[in-house]
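Chain by chain, the residues:
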Amino acid sequence: MEAPVAITGMGCVTAFGDTPDRLWDRLIVGDCAARPWDDLAQQGFRVAVACRIADFEAPADRRAERLGIAAATAALADAAPPPGARLGVLLGSTMGESGCFESAAEQGAPVPARDGSVAALTAGVAAALGTPVVARSYGNACAAGNTAIGAAVSLLRRGLIDVAVAGGVDGFSRIAMAGFVRSRAMTPDLCRPFDAGRAGMQLAEGAAFLVLERTADALARGADIVAGVHGTGLSCDAFHPTAPAPGGEGMMIAMRRSLALAGASAADLAFISAHGSGTVASDAAEALAIAGVAGDVPVAGWKGALGHAMGAASAIEAVISVLALRRRRLPGTTNNRALDPFMRINLVRQPQALSGRRFAISNAFGFGGINSALLLEAA
Amino acid sequence: MAGAIIACAAQSAPWSGREPEWLADLVAPLLADADPAATGVYLATPDAGAAISTGFWARALRETVTFVSPQDFPLTLASSIATGIARALKLQGPNHTLVGGGDASRAAWDEAAHDLARGIVERAVLIKFVAGHPGLPSSARIVILSAGGDAAEAMSGEDGDPIDKACRVHGVPAARTGKHAHT
């Protein structure tokens, strides 16, 4: 088995703040970022509660790009890689620049005047970081962040780049808000992952990036290695446009593939960061998958606190997972009141100390049955 | 990077918002002997979901967000084409959507060849998909890769678009009209 790739920097912008420490400080005390928004109510949304970033100013048709630039530049500054390193930028997003499409529709244009694709986000972030030798844009739905990070591991191991900035971005999307509300996937009050009375997801926005380097390179330059990453296990349910396969079989395949990347087993897992979207079907399938793969390994889901930032969510949860491995403490599952009695998982409601185990899986699943599981290892 | 090109195809069709259906019909005969559980989809596209995103929001403005039909919402995601093909053909391997121009094709090719080399998949369905919109047809070029051989290596790591190049080499013309396949 290959050694993990080193994580040497992290940056994020979420409803809990614009640094990993601020994110951690509010998550660990059980805060919840959800609040009602007058503009959404005035626009007619039946549900007007969301986890938006109140103090981040950006033009509506560049919001995701600006979020991405803020998080990626912070991550790169945190890592401070050597000058001349061959840089790769790998970015995942569910909606792309949603504000571009919304503006085009409001102006009666069939297609946006400015490119609203995920590739446009990547181009904006890449330009802010310098001159990357590789720039890739992943539109793998809500597994896009995990997918980008896993791809970065592969490029580094093959020697195609020296430093990767990899993660995910999604600005607040009214298209997604309308789609999820009208699909009745949105909770009317709070997102409650794995709760017996869970009623759906809560939409959020944000961005997060990890800086990755080959471990030998990071050690040689004396970088602070915050954790290691082995890659991402992937699969597809091929079952339904929006619902997961109810037995969680594809999710299990993704988790087992991630463990296989390090020759690890469930007995090596300190915890699992669940996708935990709070929808009835997704949480039920994920609980079956986790029980099938990992038994009583501690499980926490953080979308009750932060909402679901779509393509950014898995990257944000990767940042939290890295902090948990480093600080040996697992944030709880905010807003879970009582575990669904049909679920056989060891859900962590309140923060708890981690065991001495070294590995963690961070799950992310998307529309169309895209399954991903990122495997992290303590430094 | 290991891999062998075993089939190529191309097709264009009027924009309908139901592209995964005809794409699946095009791909199905090229995967006759493939194990769906060991087959991945690697799609490169500059614009999948863009016209539908704009159209969905235009309808939401007309009909209000309170009443707009959510039917097309999943199709606003760029990933809906690749996952739709996987669903139609029960393909359970990795399902990638790389967004961009020739760079996205090269990235999709690299992901596919890498998964073949690692044994994650036995077949890779590579698709270059250009979405249409009302009045402009959608088009696709398809390459099927299998494990073994080194023909795929010649296409990867070069400038230009490896999916276009593979189709040219295998005699599949540009997908201006109708359907063309070579196996």
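Bear in mind the structure is a predicted one, so any value in this text is a computation, not a measurement.

**Considerations on the overall build of chain B**
So, point 1. When helices and strands are tallied, chain B shows five helices and six strands.
So, point 2. Split into buried and exposed, the 183 residues of chain B put 58% on the buried side.
So, point 3. In chain B, 76% of the contacts between residues at least 6 apart in sequence involve partners at least 24 apart.

**Section: the overall build of chain A**
So, point 1. Along chain A, the regular secondary structure elements total twelve helices and 15 strands.
So, point 2. Here the C-alpha atoms of chain A give a radius of gyration of 19 Å, agreeing with the 21 Å that 2.2 N^0.38 yields for 379 residues.
So, point 3. Expressed as lengths along the three principal axes of its C-alpha atoms, the size of chain A is roughly 55 × 50 × 40 Å.
So, point 4. When contacts within chain A are restricted to residue pairs at least 6 apart in sequence, long-range pairs at least 24 apart make up 81% of them.

**Regarding the interface of chain B and chain A**
So, point 1. Every contact between the two is made by 44 residues of chain B and, on the other side, 44 residues of chain A.
So, point 2. Residue assignment for the side of chain B that touches chain A shows that the elements contributing at least two residues are α2 (50-63), α3 (80-89), β3 (95-99) and α4 (102-118) of chain B.
So, point 3. A total of nine residues in the side of chain B that touches chain A trace back to one element, the largest contributor, which is α2(B).

**Here we look at the nonpolar core**
So, point 1. Among the nonpolar cores identified, the biggest contains 209 residues, and A71(A), A75(A), A152(A), L212(A), V319(A), L126(B) and I142(B) are the most heavily contacted of them.
So, point 2. Excluding residues within four positions of it along the chain, A75(A) makes contact with G9(A), M10(A), G11(A), V165(A), F209(A), L210(A) and V211(A).

**So, helix α6 (residues 144-157) of chain A**
Residues and elements named next belong to chain A.
So, point 1. Here α6 spans 20 Å end to end across 14 residues, near enough to the 20 Å set by a 1.5 Å rise per residue.
So, point 2. Taking burial as the measure, the 14 residues of α6 include twelve buried ones, the bulk of the element.
So, point 3. Restricting attention to buried positions, one finds in α6 the residues A144, G145, N146, T147, A148, I149, G150, A151, A152, V153, L155 and L156.
So, point 4. Two residues or fewer past α6, G159 is found with a positive phi of approximately 75°.

**What about the packing of helix α4 (residues 98-106) of chain A against helix α7 (residues 174-182) of chain A?**
Residue and element names in this part refer to chain A.
So, point 1. It is the contact of α4 with α7, at a shortest axis distance of 8 Å, that shows an interaxial angle of 85°. It follows from the interaxial angle that α4 and α7 lie roughly perpendicular. Of the residues in α7, those touching α4 at S98, F101 and E102 are R174, I175 and A176.
So, point 2. Looking at side-chain class alone, the contact of α4 with α7 contains three nonpolar, one polar and two charged residues.

Here is what the cut-offs are and how they apply
The numbering scheme is per chain: residues are counted from 1 as the chain's sequence reads. To label them, take the chains in the order written and letter them from A, then take the ligands in the order written and number them from 1. Given that this is a predicted model, residues contribute local features only at a pLDDT of at least 70 and side-chain atom pairs are listed and counted only at 80 or more, while totals for whole chains, interfaces and linings are drawn from all residues. The helix and strand labels rest on DSSP assignments: H or I over at least four residues marks a helix, E over at least two residues marks a strand, and numbering proceeds from the N terminus. We call a residue exposed when 12 or fewer other C-beta atoms sit within 10 Å of its C-beta, buried when the count reaches 20 or more, and partly exposed for counts in between; the C-beta positions come from the backbone. Residues are scored as being in contact if the C-beta atoms we place from backbone atoms lie within 7 Å. The globule rule used here is 2.2 Å times the number of residues to the 0.38 power, and the radius of gyration it is set against is calculated over C-alpha atoms. As used throughout, a nonpolar core is a set of buried Ala, Val, Leu, Ile, Met, Phe, Trp, Tyr and Cys residues joined through C-beta atoms within 7 Å of each other. Take the residue count of a helix, subtract one, and multiply by 1.5 Å to get its expected span. Between N-to-C directions, angles cover 0 to 180 degrees, with each direction set by a line fitted to C-alpha atoms, over the stretch in contact for helices. In what follows, roughly perpendicular refers to angles from 65 to 115 degrees, roughly parallel to angles under 35, roughly antiparallel to angles over 145, and oblique to any angle outside these ranges. Side-chain classes follow a simple rule in which Ala, Val, Leu, Ile, Met, Phe, Trp, Tyr, Cys and Pro form the nonpolar group, Asp, Glu, Lys and Arg form the charged group, and the remainder, Gly included, forms the polar group.

The values are spatial; any link to function lies outside them.
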